Amino acid sequence: VGLLILLLSARRNTGTLPLKKLLITLIKSVAALIPVYFFNTLFVRYTGTWWEQGSTFQNLLRVLLLALVDISVVLIMYRLLKVEMVSVLLSSLRRRKQP
């Protein structure tokens, strides 16, 4: 629903959007999440029961580790699949570093 509202708003402000390019980017974004899904499934199966008495700090470390790996995998997959968002972010970072 949010995507449709955003598309309609963007269309009113900028004209038509290249739907083919948008669809390809969406497919690449979903494809980048497939390895994350499998890693999360294996991680949860391997680590066993999380909700045990007195293991709050251990569970926090597990969640932080999982989040760190997930973010890294998504960014690497975006880079490999050449999702435009990564190139835009990298170019903006390069512009900031230049004096």
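Residues numbered from 1 in each chain as written. Predicted model: local features only at pLDDT ≥ 70, side-chain atom pairs only at ≥ 80, totals over all residues. Heavy atoms only, no water.

1. Some words on the overall build of the protein chain
Part 1 of the reasoning: Each helix and strand in the protein chain was counted, giving 4 helices and 0 strands.
Part 2 of the reasoning: Counting helices and strands in the order they occur from the N terminus, the protein chain gives α-α-α-α.
Part 3 of the reasoning: A sequence separation of at least 24 residues applies to 57% of the contacts in the protein chain between residues at least 6 apart.
Part 4 of the reasoning: Just so you have it, the protein chain exposes about 8,400 Å², and 70% of that area is on carbon and sulfur atoms. (Helix = DSSP H or I, 4+ residues; strand = E, 2+ residues; numbered from the N terminus. Contact = heavy atoms within 4.5 Å. Areas by Shrake-Rupley, 256 points an atom, 1.4 Å probe, with all protein chains shown as cover.)

2. Observations concerning the packing of helix 2 (residues 19–47) against helix 3 (residues 56–81)
Helix packing for two helices is described by the angle between their axes and how far apart those axes are.
Part 1 of the reasoning: Across the interface, helix 2 lies against helix 3 with an axial gap of 9 Å and an inter-helix angle of 155 degrees. Classified by the angle between their axes, helix 2 and helix 3 sit roughly antiparallel to one another. Here helix 2 runs over helix 3; the crossing is right-handed. Contacts from Lys28, Ser29, Ala31, Ala32, Leu33, Pro35, Val36, Phe39, Asn40, Phe43 and Thr47 in helix 2 reach Arg62, Leu65, Leu66, Val69, Asp70, Val73, Val74, Met77, Tyr78 and Leu81 in helix 3.
Part 2 of the reasoning: Each residue belonging to the contact of helix 2 with helix 3 can be placed in one class, and the counts come to 15 nonpolar, 3 polar and 3 charged. (Axes fitted to C-alpha atoms, helices over the stretch in contact; angles between N-to-C directions. Parallel < 35°, antiparallel > 145°, perpendicular 65-115°, else oblique. Left-handed = near helix turned anticlockwise from the far one by under 90°. Nonpolar A, V, L, I, M, F, W, Y, C, P; charged D, E, K, R; others polar.)

3. A word on helix 3
Part 1 of the reasoning: A rise of 1.5 Å per residue sets the reference length of helix 3, with its 26 residues, at 38 Å; its end C-alpha atoms lie 37 Å apart and thus fit the reference within 8%.
Part 2 of the reasoning: Every buried residue belonging to helix 3 is among Asn59, Arg62, Leu66, Asp70, Val74, Met77 and Tyr78, and all of these are buried.
Part 3 of the reasoning: Positioned one or two residues after helix 3, Lys82 has a phi angle of 60 degrees, which is positive. (Expected span 1.5 Å × (residues − 1). Buried < 20%, exposed > 50% of the residue type's maximum accessible area, 1.4 Å probe, protein only.)

4. Some words on the confidence of the model for the protein chain
Part 1 of the reasoning: Scored by pLDDT, the protein chain comes out at a mean of 80, with 82% of its residues at no less than 70.
Part 2 of the reasoning: Averaged pLDDT values for the elements of the protein chain fall to 69 in helix 4 (residues 84–97) and rise to 88 in helix 3. (pLDDT = per-residue confidence, 0-100.)

5. Points about the environment of Ser72
Part 1 of the reasoning: Topologically, Ser72 is positioned in helix 3.
Part 2 of the reasoning: Under the relative-accessibility criterion, Ser72 is labelled partly exposed at 32%.
Part 3 of the reasoning: For Ser72 and Val36, which are 36 residues apart along the polypeptide, the C-alpha to C-alpha distance reads 9.6 Å.
Part 4 of the reasoning: Engagement of the side chain of Ser72 in a polar contact is seen with the backbone oxygen of Leu68, the distance being 2.9 Å. (Polar contact = N/O pair within 3.5 Å; in protein donor to acceptor, adjacent residues only side chain to side chain.)

6. Details of the nonpolar core
Part 1 of the reasoning: If you look at the biggest cluster of nonpolar residues, it comprises 6 residues: Ala32, Val36, Val74, Met77, Tyr78 and Val83.
Part 2 of the reasoning: Where this core is concerned, the elements lending two or more residues are helix 2 and helix 3.
Part 3 of the reasoning: When residues in this core are grouped by element, the largest group, 3 residues, is from helix 3. (Core = buried A, V, L, I, M, F, W, Y, C linked by side-chain atoms within 4.5 Å.)

7. Quick look at helix 2
Residues separated by three or four positions in an α-helix point in the same direction, a consequence of the helix having 3.6 residues per turn.
Part 1 of the reasoning: In this model, helix 2 (29 residues) spans 42 Å end to end at C-alpha, consistent with the 42 Å of a helix rising 1.5 Å per residue.
Part 2 of the reasoning: Among the residues of helix 2, Ser29, Ala32, Val36, Asn40, Phe43 and Thr47 are the ones counted as buried.
Part 3 of the reasoning: Taken together, the buried residues of helix 2 touch helix 3.
Part 4 of the reasoning: One or two steps after helix 2, the chain reaches Gly48, where phi turns positive at roughly 75 degrees.

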